[in-house]
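Take a look at the letters that make up each chain.
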Amino acid sequence: SNFFILFAIQKMLQSYRKDKALPELFDAGFLLAIATLFYFSNIILLPILFISLLLFRPVNWREWLISIIGFLLPFLFAYSYYFLTHNLNSFCAECTFYSTFFNEKTTLFSNSFYFLMSIGWLIVLLSFTKLFSGVSAGNQKTRKALFLMLWLFVLCILSALVSPEVCTIYFSSVAIPATIICSE
C-alpha cells in the first residue's frame, strides 16, 4: 500500500499552481483508495487529500468533489465484484475496524527492535527541531510540502496505532514522511 501512497503524494504535489488539476486530484484520491483496499487502516489517511487541497489549491468545489469521487470509485469496484461473486459479507468484514477495537492486541517485538526504534525516533525528533528552526527558509512550495509531510507523519502513526495487531509491518507507512522530514 505504501507504493500507492507514494504515487498519491506525487499527484498531490503535482497539482500545485496548475490551472486545471482535476486529473491529478482524481488520481490522488484513486491511488489513496487503492492503498486503503490493501490495508484498511490507511483510510485514516483520507484527510491528507483534503489537507493537500487546502495547502496547494484555491478552494474550488469541483476539485473537492472529483477527489472524493476518485476515492470512492475503487470501493465501488470492489463492492461490485464482491456483490457479483456473492462474497459481500467477506468484503464488509475486511472493511471494518472490528478486529482493531474488539480483539486483544499482541506485540511481536524483540529488545533489539526497541533499541532501533528509539534511535529512529531520536533522529526524527532531531529532524523536527531542525525543520521547525528553519521553516521560514526555502520557497513556498517546499514549506507547504513539508507541512503536508508533517500531517502525513501524524496520520501514518494513527494508522499504525489502529492496526489489528502491533507489528513492525504496520509502521512501514511512517517511513515515507519520516525519510522526507529527515532529509530536509
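Quick note: structure is the one above.
Within every chain, residues take consecutive numbers counted from 1 along the sequence as written. With pLDDT at 70 or above as the cut-off, local features in this predicted model cover only qualifying residues; side-chain atom pairs require 80 or more to be listed or tallied, and sums for whole chains, interfaces and linings still use all residues. Excluded from the side-chain calculation are hydrogens and water; included are all heavy atoms of the structure.

Caption draft 1: The arrangement of the packing of helix α3 (residues 46-56) against helix α4 (residues 61-84) in detail. Here the axes come from fitting lines to C-alpha atoms, over the contacting stretch only for helices, and the angles between their N-to-C directions go from 0 to 180 degrees. Where helices and strands are cited, they refer to DSSP runs of H or I of at least four residues and of E of at least two residues respectively, numbered from the N terminus. As a packed pair, α3 and α4 sit with axes 11 Å apart at the nearest point and diverge in direction by 160°. Here α3 is positioned roughly antiparallel relative to α4, judged by the angle of their axes. When you trace α3 past α4, the crossing you get is right-handed. Residues Leu-46, Leu-49, Phe-50, Leu-53 and Leu-54 of α3 touch α4, and the partners they reach there are Glu-63, Trp-64, Ser-67, Ile-68 and Phe-71. Working definition: roughly parallel below 35 degrees, roughly antiparallel above 145 degrees, roughly perpendicular at 65 to 115 degrees, and oblique for all remaining angles. Crossing chirality is assigned from the near helix's rotation relative to the far helix, an anticlockwise turn below a right angle marking it left-handed and a clockwise turn marking it right-handed. Whether two residues are in contact is decided by their heavy atoms: any pair within 4.5 Å suffices.

Caption draft 2: Local environment of the pattern of salt bridges. Should a side-chain nitrogen of Lys or Arg be within 4 Å of a carboxyl oxygen of Asp or Glu, the pair is scored as a salt bridge. Under the defined criterion, the tally for this structure stands at 3 salt bridges. A salt bridge links Arg-57 to Glu-63; the nearest nitrogen and oxygen atoms lie 2.7 Å apart. What makes Arg-57 buried here is its relative accessible area of 8%. Note on Glu-63: relative accessible area 4%, which makes it buried. Note on exposure labels: buried denotes an accessible area under 20% of the residue type's maximum, exposed denotes more than 50%, and partly exposed covers the range between, all computed with a 1.4 Å probe on protein chains only.

Caption draft 3: Just a nonpolar patch on the surface, in detail. Residues Phe-115, Leu-116, Ile-119 and Ile-123 make up a contiguous nonpolar surface patch of about 400 Å² in total accessible area. The topology assignment puts Ile-123 in helix α7 (residues 111-133). On the basis of relative accessibility, which here comes to 44%, the residue Ile-123 falls in the partly exposed class. The residues that make up patches have over 30% relative accessible area and no salt bridge, and they are joined within 9 Å when like-charged or within 5 Å when they are Val, Leu, Ile, Met, Phe, Trp or Tyr. Areas reported as accessible are Shrake-Rupley estimates using a 1.4 Å probe. Residue values count occlusion only from the protein chains shown.

Caption draft 4: Representation of the nonpolar core within the structure. Nine residue types can take part in a nonpolar core, namely buried Ala, Val, Leu, Ile, Met, Phe, Trp, Tyr and Cys, and a core is a set of them joined through side-chain atoms within 4.5 Å. Grouped together as the largest cluster of nonpolar side chains are 37 residues, with contacts concentrated most on Leu-32, Leu-45, Ile-48, Leu-148, Leu-152 and Phe-153. Elements supplying a minimum of two residues to this core: α1 (2-14), α2 (22-38), α3, α4, α7, α8 (140-161) and α9 (175-183). Among the elements that line this core, the one with the most residues is α8, at 7 residues. Aside from chain neighbours lying at most four places away, what touches Leu-148 is Leu-13, Ile-48, Ile-51, Ser-52, Leu-55 and Phe-56.

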